[in-house]
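Letter by letter, the chains look like this.
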Amino acid sequence: MRLLLINPNTTESVTQTVAARARARLPQARIDAVTGAFGAPYIASRASFVVGAHAALDALRRHVSPDNPAGYHAVLMACFGEPGIEALREESPIPVLGMAEESFAAAARLGQGFAVVTGGAAWAPMLRDFAAVRGLSERLVAVRTLAVDGGTIARDPDAALPALAEEVRAAAAQGAASVILGGAGLVGLAARLPVLSVPVLDCLDCLAEAVPPA
């Protein structure tokens with residue numbers, strides 16, 4: 001199996017962190033990881049989201065053409081908000097899977113309501129919009145955000161872990177039966193949190209579980 005992982009953020013270290021976890025979760029696959037050629041170091045606003053959509057489409061076009069999958073079996077969108085994913089699906093001859101979509105689906109399968117904990121206050125309304133488009137507004141109990149964005153969290157995850165745990169507890173208190181730790185910069189941190197009262201889902205793990213067999 002060969003997969004193309006696209007990170008529309010421009011921070012190469014975030015790409016490599018996500019790719020490393022994807023390779024650990026999908027040892028049977030060859031994963032080629034691509035970082036956005038332009039745009040924000042870390043997408044954390046509607047403006048940078050729009051530019052990120054262009055960067056994601058540019059990355060796809062540089063590696064996969066509409067009539068030639070170049071040996072790839074699927075494309076993995078390594079940005080939780082999935083900028084431009086519908087445009088990628090329009091052009092891609094192979095499946096395009098997104099972290100948020102697969103995380104929301106995994107949380108919904110657990111039953112009852114779920115929440116998202118992420119970095120960057122601007123993501124709260126953006127993710128509510130994301131849920132509404134997919135008919136999941138009633139299942140999304142809360143979006144809890146740290147003041148710092150995911151890029152800052154990725155640079156110093158140890159400093160962020162206590163605040164992330166506190167936001168998970170707050171989401172559980174609001175009625176969430178499970179919590180998604182969302183964002184490319186937060187990949188791998190769910191496993192480092194203390195034992196909490198609700199399951200905490202890693203968005204990359206959810207994406208990896210959705211990859212179809214070759």
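Predicted model only: the values in this text are computed from it and were never measured.

A. Structural detail: the nonpolar core. One finds Phe-80, Phe-104 and Ile-180 to be the most contacted residues of the largest nonpolar core, which totals 58 residues. In this structure, Ala-165, Val-179, Leu-186 and Leu-196 belong to the second largest nonpolar core, which totals 20 residues.

B. Representation of the pairing of strand E7 (residues 178-181). Because side chains alternate across E7, one face comprises the buried residues Ser-178 and Ile-180, and the other comprises Val-179 and Leu-181, equally buried. With four bridges joining them, strand E5 (residues 114-119) and E7 adopt parallel strand pairing. By the bridge assignment, Val-117 is partnered in E7 with Leu-181. Pairing between E7 and strand E8 (residues 200-202): three bridges, direction parallel.

C. The arrangement of the environment of Thr-15 in detail. On the secondary structure map, Thr-15 appears in helix H1 (residues 12-25). Sequence separation between Thr-15 and Asp-202 is 187 residues, and the spatial gap between their C-alpha atoms is 16 Å. Residues in contact with Thr-15, not counting those within four places in the same chain, are Asn-7, Ala-33, Val-34 and Thr-35. For Thr-15, the side chain forms a polar contact with the side chain of Asn-7, separated by 2.7 Å.

D. Summary view of the sheet that holds strand E2 (residues 30-35). Here we have four strands laid out as an open sheet, ordered E2-E1-E3-E4, and parallel in their pairing. In this open sheet, the two strands that pair with only one neighbour each are E2 and strand E4 (96-98). For this sheet, the mean angle separating the axes of adjacent strands, direction not counted, is 25 degrees. Across three bridges, strand E3 (residues 74-77) lies against E4 in parallel orientation. Residue pairing for E4: Leu-76 is matched across the bridge by Leu-97.

E. A look at the sheet that holds E7. Taken in spatial order, the four strands of this open sheet run E6-E5-E7-E8, and their pairing is parallel. Each having just a single partner strand, strand E6 (140-146) and E8 make up the two edges of the open sheet. On average, each strand axis in the sheet is tilted by 25 degrees relative to the strand beside it, whichever way the strands run. Where E5 lies against E6, six bridges are found, and the strand directions are parallel. Pairing of Val-116 across the sheet is with Val-143, part of E6. Most of the contacts of helix H5 (residues 123-133) go to E6, to which it runs at about 155 degrees, and overall it touches E5 and E6.

F. Examining unusual backbone geometry more closely. Unusually for a residue other than glycine, Ala-70 sits at a positive phi of about 55 degrees. Note that Ala-70 resides in the loop between helix H2 (46-63) and E3. Note on Ala-70: relative accessible area 28%, which makes it partly exposed.

G. Focus on the environment of Leu-204. Within the fold, Leu-204 resides in helix H8 (residues 203-209). Each C-alpha atom of the pair Leu-204 and Leu-186 lies 9.2 Å from the other, and the pair is 18 residues apart in sequence. Contact partners of Leu-204, with chain neighbours within four places excluded, come to Val-18, Arg-21, Ala-22, Met-99 and Val-187.

H. Region of the structure containing the packing of aromatic side chains. In this structure the tally under the stated criterion is four aromatic pairs. An aromatic cluster of at least three residues, connected via ring pairs, comprises Phe-80, Phe-104, Phe-114 and Phe-130. The cationic tip of Arg-2 hangs over the ring face of Tyr-72; the distance from NZ or CZ to the ring centre is 4.1 Å. Arg-134 extends its terminal NZ or CZ atom over the ring of Phe-130, reaching a point 3.6 Å from the ring centre.

I. Summary view of the pattern of salt bridges. Going through the model one piece at a time under the given rule, you end up with 15 salt bridges. Between Arg-21 and Asp-202 there is a salt bridge, with its nearest N and O atoms 3.6 Å apart. Of this pair, Arg-21 sits in helix H1 while Asp-202 sits in strand E8, and the two are 181 residues apart along the sequence. The salt bridge involving Asp-32 is made with Arg-30; its shortest N-O contact spans 3.1 Å. Taking the relative accessible area as the measure of exposure, Asp-32 reaches 16% and is therefore buried. When salt bridges with common partners are traced through the structure, they connect Arg-21, Arg-25, Asp-202, Asp-205 and Glu-209 into a single cluster.

Rules behind the numbers
Residues numbered from 1 in each chain as written. Predicted model: local features only at pLDDT ≥ 70, side-chain atom pairs only at ≥ 80, totals over all residues. Heavy atoms only, no water. Core = buried A, V, L, I, M, F, W, Y, C linked by side-chain atoms within 4.5 Å. Buried < 20%, exposed > 50% of the residue type's maximum accessible area, 1.4 Å probe, protein only. Helix = DSSP H or I, 4+ residues; strand = E, 2+ residues; numbered from the N terminus. Pairing = 2+ DSSP bridges. Contact = heavy atoms within 4.5 Å. Polar contact = N/O pair within 3.5 Å; in protein donor to acceptor, adjacent residues only side chain to side chain. Axes fitted to C-alpha atoms, helices over the stretch in contact; angles between N-to-C directions. Phe/Tyr/Trp six-rings, centres within 6.5 Å; stacked < 30°, edge-to-face > 60°. Lys NZ or Arg CZ within 6 Å of the ring centre and 35° of its normal. Salt bridge = Lys/Arg side-chain N within 4 Å of Asp/Glu carboxyl O.

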